[in-house]
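Observations on chain architecture
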Amino acid sequence: MKGDSLSGMKMLLWCTMALFTAACASIGRPEGGARDEKPPVFRSSDPMPGATNVKKSKITVYFDENIQLEDAFSKVVVSPAQKQPPQINANGRRLTVELRDTLRDSMTYTVDFADAIKDLNEGNILDGFAIDFSTGPTIDTLRISGMVLQAENLEPAQGMLVGVYSNLADSAVKTLPLERIARTNQLGQFTIRNLPPGEYRIFAINDLNRDYHWDRSEDIAFFDTIISPSVESITVTDTLYSMAGTDSLATRAGVRYLPNDILLTWFNENYKSHYLSDYKRPERRKITLGFGAPNDTLPRVDIVSGAPGIGRDISEWALLKANATLDTLEYWISDPDVVASDSLRLAVTYQKTDSLDRLVWNTDTLRFFFREPKKKKKKEKEEPRFTVDSVSGDTTFLPPPDFEYLTLKARSTSMQDLGRPLVFETSQPLASLDTTGVHLELKVDSLWEKIPFTIVPDSLDPLLVRKINQDWKPGETYRFTVDTLAAVSIYGPWNRPFTHEFKVKQPEDYANLFMTVTGMDSLQVVVELLTSGDQPVRRAVKPVGEARAEFRLVDPGKYYARLFIDENMNGKWDTGSMSDSIAVQPEEVFYYSKALNLKKNWDIEQAWDPYELPVDMQKPYAIKKNKPKLKRGEKAPVDEEEQYDEFGNPIPADRRGSTGNRGNSGMGLPGGFGGFGGRTQSNGSNLRAQ
């Protein structure tokens, strides 16, 4: 008996060691094995997809491998919208979702995971996965699919909330929660699932406060027309592969949910509350006021105490430097008594937004302090400072060592651009500028010849910036000088001698681009040249009735291009509006799909058909900011560049060399349906699929 027991213990020990060894050996994959590139596969769930008469609020889902969740709080959405966010957990191959709101009778529920689920080891994303069930005897099955892009720059909207209303009133989006919702994935794509038959209005919002409706400061997109979702029967062709490696085609009946091509372009009304956001006295001679929103009127600023002239408006004792929107104001104090005061109390009367969203006049009394930093002790006896002219013998006394000179600075470089003004700025507002002490000279042979010129204030900063508009001679050298004492500040200091010598570029140093826009003859269009950071550097207008936008004297380099339809002909891109009685879409934007490599001394004639490509396939991958995450080992796509011959003429596609594949082609929609393109004339800014 004892021997049998000992033998059993040995057998148990051996089995345990064998199991341990097997477990250790199973960690990792064999060397040289194929990389797992497949996302997790759904196996089963409780309740199963499409289940009816469900009464429990906990959903359990099982997959074929271990999974993880990424940013489930913001990516996973439940329809109808929940007041309390669900509890979501992943453990091994199991995923659990517990709804904390009470289930509603005869309601179809959808838990849409968007792209939150991926496998544990390789991070392969399961995109577009959702579970649906009904608390009643039937389940709703219709869907609406599409894409959301940013209106101004066609960036894919990632993680934006998209939803519908069966209440077709204009006020619904401002007061009621969205009825059925989804979130956009990394490509801006969405599918709103489990809709009952009916008519809907669709919106996308950046729901910052999670109340499931639009607040005026949030981003929004809307579709102009009412949508009636439907389903149609189609024939689906599958490819079957045998163990021997051969393949064959098989067809089966399928369905397509429509519409599947809705394009929403989001915008922001740029609404901001009016309030005093900041006030400072950064220098003894300067005070600044900042406001939370652009203004169309200046505030009134009066002295309350701290300086003579109580009640005096600020225009009597300070000079204003303001930006174009009047929300950043910089006052240079010109009155010596006000400058000398260490503590000023000012009454600032400005327009402020009240609790009813109205602009009302409001007055704040503000205190502005300034204390001079401690200075180093001066020497007991300071030697007099002067110079004596060696010819005339005249003596000129110099200011003390700590004298604050007025400084001048040229904004232009030593290479002056053709067609651009010479711009210089002063460190303080000028009281006077003696033009007899200001010179512009042209170098002829080895001599300098004075030439006539005119100095004018700069329109963007007339207080501190001046410019000289001149018809520069290409390749010539100029010299701009300001003599001592020619420029005097409102505070008394004058300038030291200032010299700026520069050479003007040649026309051969530039490229000229002539962009012919087709299909938009009846529209005013603004074309913009962009940097690799998607920022405009040049802008040209294509007027109504013409087809060409001209960019002359462009610095060589790589550029990109976009255009917008300037509907109100004001020369700038205008955002949309939802607050007025009639909702207004933002002005339409299109991108040229290739890079433009401009070289010196080239005149380039480039044709552009904005409707040639679907709008979601236009923006070059290189300048996209919201790029989808690449899989492990996956390389970023390479954009195509426009190619030119030695004369700057575009090379036709059938004769050019390969420069790479377009990075954003074949993007598709959930379910595999194509891109967007063309303009729907009936609904203005919204685009529909081709």
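As a starting point, this report considers the structure included with it. From a predicted model like this one, the values you see are computed outputs, not experimental measurements. (Residues numbered from 1 in each chain as written. Predicted model: local features only at pLDDT ≥ 70, side-chain atom pairs only at ≥ 80, totals over all residues. Heavy atoms only, no water.)

1. Some words on unusual backbone geometry
Residue Asp46 is joined to Pro47 through a cis peptide bond whose omega torsion reads 0°. Considering the arrangement of structural elements, one finds Pro47 in the loop between strand E1 (42-46) and strand E2 (58-63). The peptide bond linking Leu258 to Pro259 adopts the cis configuration, its omega dihedral lying at 0°. Although it is not a glycine, Asp445 sits at a positive phi angle of roughly 60°. Position of Asp445 among the secondary structure elements: in the loop between strand E33 (438-444) and strand E34 (447-450). (Helix = DSSP H or I, 4+ residues; strand = E, 2+ residues; numbered from the N terminus.)

2. Observations concerning the packing of aromatic side chains
A complete count under the given rule lists 17 aromatic pairs for this structure. Lying across the ring of Phe73, Arg210 places its NZ or CZ 4.3 Å from the centre. The cationic tip of Arg285 hangs over the ring face of Tyr491; the distance from NZ or CZ to the ring centre is 4.4 Å. (Phe/Tyr/Trp six-rings, centres within 6.5 Å; stacked < 30°, edge-to-face > 60°. Lys NZ or Arg CZ within 6 Å of the ring centre and 35° of its normal.)

3. Comments concerning the nonpolar core
The biggest cluster of nonpolar side chains holds 27 residues, and the ones touching the most others in it are Ile287, Leu289, Trp317, Tyr331 and Leu346. Of all the secondary structure elements, the ones that give two or more residues to this core are strand E21 (286-291), strand E22 (300-305), strand E24 (328-333), helix H4 (336-340), strand E25 (343-353) and strand E26 (359-369). Dropping the residues within four chain positions of it, Tyr331 is found in contact with Arg285, Lys286, Ile287, Leu289, Pro299, Val301, Ile314, Ala318, Leu319 and Leu320. The next biggest cluster of nonpolar side chains, apart from the first, holds 26 residues, and it includes Val525, Leu529, Tyr559 and Ala561. (Core = buried A, V, L, I, M, F, W, Y, C linked by side-chain atoms within 4.5 Å. Buried < 20%, exposed > 50% of the residue type's maximum accessible area, 1.4 Å probe, protein only. Contact = heavy atoms within 4.5 Å.)

4. Looking at the sheet that holds strand E3 (residues 67-69)
As summarised here, the arrangement of the three strands in space is E3-E8-E9, forming an open sheet in which the pairing is antiparallel. Edge strands, defined here as strands with exactly one partner in the open sheet, are E3 and strand E9 (125-126). With two bridges joining them, strand E8 (residues 117-119) and E9 adopt antiparallel strand pairing. Across the sheet, the residue bridging to Lys118 is Ile125, located in E9. (Pairing = 2+ DSSP bridges.)

5. Some points on the pattern of salt bridges
All told, the structure shown has 40 salt bridges when counted by the stated rule. For Arg284, the salt bridge is made with Glu372, and the minimal N-O distance between the two is 2.7 Å. One end of the pair, Arg284, is in the loop between strand E20 (276-283) and E21; the other, Glu372, is in the loop between E26 and strand E27 (386-388), with 88 residues separating them in the sequence. Arg284 gets classed as buried once you look at its relative accessible area, which sits at 15%. Salt bridges sharing common partners tie together Glu155, Glu528, Asp534, Arg539, Arg562, Lys619 and Lys625. (Salt bridge = Lys/Arg side-chain N within 4 Å of Asp/Glu carboxyl O.)

Function cannot be inferred from these measures alone, as they are strictly geometric.
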